Amino acid sequence: MTQETSNNPIARLVAALSRLPGIGEKSATRLALFILRDTKGLSTDLIDALSHVREKVRFCRTCQNLSEEELCPVCSDPQRDRSRVCIVQEPVDVMMVERTGEYRGLYHVLHGALSPLDGVGPEDIKVASLLKRVASEEGLSEVILATNPNPEGEATALFLKKAVADASPRLAVTRIASGVPVGGSVEYTDPKTLARALSNRQNY
């Protein structure tokens, strides 16, 4: 931040908003001006919400998801299926899986994916706590790898497949299927996605 920017409160706000993922300088400028023009208390609500998040939200002791308590709502729910753990990259992935209503097991959030080119290794994400968990948690029978189907997610899944097998050979390690999306068209599906859909075909 330049001296000129640090002395200009609007420029400081724009610079701060520009640091958010997916927000460029133009979008940050529009957001800053919207906040400044707002008369319904948005800026106060934002300050209160950010302060609350910083003070109250922590990592769940077991699954590393974001939580206001020592255990998140999923880990503390006695009705969840404790024989399965679904491994995801980010907290938002938990929300997306939960929205399907099809999964009632537990989770483990990595908070990232392996990316050697970016200098992100196993020690930079929540791998150690996962391996400790799978080696010691009673009743666990399946680990579901639900990392993203991109190079980083695939590299992470391959690494975890071996690491989990080494930590607990008794566990089944599965990978979520991927392929042609519901409502999609084969004609407009890229070759890699179509190849994945063919290899993951099921009995009908």
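Residues numbered from 1 in each chain as written. Predicted model: local features only at pLDDT ≥ 70, side-chain atom pairs only at ≥ 80, totals over all residues. Heavy atoms only, no water.

## Concerning the pattern of salt bridges
Part 1 of the argument: Tallied over the entire structure, the rule returns eight salt bridges.
Part 2 of the argument: A salt bridge links R80 to E98; its shortest N-O distance comes to 2.8 Å. Taken together, the residues R80 in the loop between β2 (66-67) and β3 (84-88) and E98 in helix α5 (residues 91-100) connect sequence positions 18 residues apart.
Part 3 of the argument: The buried category is assigned to R80, whose relative accessible area is 5%.
Part 4 of the argument: Using a relative accessible area of 29% as the deciding quantity, one classes E98 as partly exposed. (Salt bridge = Lys/Arg side-chain N within 4 Å of Asp/Glu carboxyl O. Helix = DSSP H or I, 4+ residues; strand = E, 2+ residues; numbered from the N terminus. Buried < 20%, exposed > 50% of the residue type's maximum accessible area, 1.4 Å probe, protein only.)

## Here we look at unusual backbone geometry
Part 1 of the argument: In this structure, Q64 takes a positive phi of about 70° despite not being glycine.
Part 2 of the argument: Among the secondary structure elements, Q64 is positioned in the loop between β1 (58-59) and β2.
Part 3 of the argument: On the basis of relative accessible area, Q64 is assigned to the buried category, the value being 10%.
Part 4 of the argument: Positive phi is not limited to glycine here, since H111 has a value of about 60°.
Part 5 of the argument: Mapping H111 onto the fold places it in the loop between β4 (106-109) and α6 (127-136).

## A closer look at the pairing of strand β5 (residues 142-145)
Part 1 of the argument: As defined by bridge partners, β3 adjoins β5 across four bridges and the pair is classed as parallel. Directly across from R84, in β5, lies its bridge partner E142.
Part 2 of the argument: Relative to strand β6 (residues 172-175), β5 is paired through four bridges, and the arrangement is parallel. For E142, the partnering residue across the bridge sits in β6 and is A172.
Part 3 of the argument: Regarding topology, helix α7 (residues 151-167) serves as the crossover connection from β5 to the parallel β6, and that connection is right-handed. (Pairing = 2+ DSSP bridges. Right-handed = clockwise from strand over helix to strand, strands pointing away.)

Just geometry here; none of it tells us what the structure is for.
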